[in-house]
Amino acid sequence: MWPAALGAGHPVTALSRRAASQPFNLCFHGIGTPQRELEAGEDEFWLEVDQFEQMLAMIRRHPFINITIDDGNASDFTYALPALLDHGLTATFFIVAERIDAPGALSSAAIRELVRSGMRIGTHGLAHRPWRNLRGHRLEAEMRAARIIADVAGAPVREAACPFGSYDRRVLGELRRHHFARVYTVDLGRAPRASWLQPRYTLRKDDTPADIERLAYPRRNWHFAGRTLIKRLR
């Protein structure tokens, strides 16, 4: 199903080829009622259970849309996992190492069940801090958090998501030095499927499936390209 908003003059074959080569990455956070105290402004990124289900129903029509879920909230297991399985979808869950087994967060057993269910596990750092603000052993600890998460998951952790989308050339250098296979940001845009650095759109509670469907289709975005280049080089 192609969005009506595209209108005439958009050949399906051209859109299909471009979409297949440049996936659209979505970033979810919490679902339903939070079971922990939220950080300032975090409630803007929590979706209702029905809203999440509606998003998945839309996503399954467009296989080039990739799902990622940040922060390792308990709702990843109680709501996201069963809904994903019902819709025949998979996701990458980016986990904050220090939150594992904390109230309102994923338990060790839940993380292992995500893996057994065919989901992928990535790192969102040690303590959910902006990486661009860190130096020395503090940044190193954030990089090494992947080992903690991998030990819990019983599976390799080779992908990272920058907390708050905070990165620069120095942070990217550290991520490469630690041999992460792919890194996700929260920049709106698209990148080739094989690209090491992958932008994502972060869903907010006022987004609708129709909004996301319109965003999912590729278009040239020189503003995004320029902004991302600045962040990589600064």
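Quick note: structure is the one above.
This is a predicted model, so every value here is computed, not measured.

Counting buried residues in strand β1 (residues 24–28) gives 5 out of 5 residues, a clear majority hidden from the surface. Burial of β1 is two-sided: the residues Phe24, Leu26 and Phe28 facing one way and the residues Asn25 and Cys27 facing the other way are all buried. In terms of strand pairing, β1 meets strand β2 (residues 65–70) through 5 bridges, oriented parallel. Bridge pairing in β2 places phenylalanine 28 opposite isoleucine 69.

What follows covers the environment of isoleucine 31. Tracing the backbone through its elements, the reader meets isoleucine 31 in the loop between β1 and α2 (49–59). On the basis of relative accessible area, isoleucine 31 is assigned to the buried category, the value being 1%. Counting along the chain gives 47 residues from isoleucine 31 to threonine 78, while the straight-line C-alpha distance between them is 9.1 Å. If we skip the residues at most four places from it in the chain, isoleucine 31 touches Trp46, Leu47, Glu48, Val49, Phe52, Ser75, Tyr79 and Ala80.

Taken N-terminus to C-terminus, the directions of helix α5 (residues 136–153) and helix α6 (residues 169–177) make an angle of 45°; their axes are 10 Å apart at the nearest point. Accordingly, the angle class assigned to the pair α5 and α6 is oblique. For α5 against α6, the interelement crossing comes out right-handed. Only Arg170, Glu174, Leu175 and Arg177 of α6 make contact with α5, whose side of the interface consists of Leu139, Glu140 and Met143. When grouped by side-chain class, the residues that make up the contact of α5 with α6 number 3 nonpolar, no polar and 4 charged.

Every buried residue of α6 is listed here: Val171, Leu172, Glu174 and Leu175. Here the buried residues of α6 occupy an arc of 155° about the axis, which is enough to place them on one side. Among the exposed residues of α6, those oriented more than 90 degrees off its buried face are Arg169 and Arg176. Positive backbone phi, approximately 65°, marks histidine 179, located one or two places after α6.

Using the criterion set out here, one finds 2 aromatic pairs in the structure. A centroid spacing of 5.1 Å and a plane angle of 85° characterise the contact between phenylalanine 28 and phenylalanine 52, whose relative ring orientation is edge-to-face. One end of the pair, phenylalanine 28, is in strand β1; the other, phenylalanine 52, is in helix α2, and 24 residues separate them in sequence. Using a relative accessible area of 1% as the deciding quantity, one classes phenylalanine 52 as buried.

Cut-offs applied
Sequence order as written defines residue numbering, which begins from 1 separately in each chain. Given that this is a predicted model, residues contribute local features only at a pLDDT of at least 70 and side-chain atom pairs are listed and counted only at 80 or more, while totals for whole chains, interfaces and linings are drawn from all residues. Side-chain descriptors were evaluated using all non-hydrogen atoms of the structure, hydrogens and water having been removed beforehand. The classification of residues rests on relative accessible area computed with a 1.4 Å probe and restricted to protein chains. Under 20% of the type maximum is buried, over 50% is exposed, and intermediate values are partly exposed. Numbered from the N terminus, helices here are DSSP runs of H or I no shorter than four residues, and strands are runs of E no shorter than two. Only when DSSP finds a minimum of two bridges between them are two strands counted as paired. Residue contacts are counted whenever heavy atoms from the two residues lie within 4.5 Å of one another. To obtain each axis, a line is fitted to C-alpha atoms, and for helices this fit is confined to the stretch in contact; angles are then taken between N-to-C directions over 0 to 180 degrees. In these notes the angle categories are as follows: under 35 degrees is roughly parallel, over 145 is roughly antiparallel, 65 to 115 is roughly perpendicular, and the rest is oblique. Left-handed describes a crossing in which the near helix is turned anticlockwise from the far one by less than a right angle; the clockwise case is right-handed. Residue type decides the class: Asp, Glu, Lys and Arg count as charged, Ala, Val, Leu, Ile, Met, Phe, Trp, Tyr, Cys and Pro as nonpolar, and the leftover types, Gly among them, as polar. As used here, the arc is the angular range of directions from the helix axis to the C-beta atoms. Here the aromatic set is Phe, Tyr and Trp, taking the six-membered ring for Trp, and pairing holds for ring centres within 6.5 Å; pairs whose planes are under 30 degrees apart are stacked, those over 60 apart are edge-to-face, and all others are tilted.

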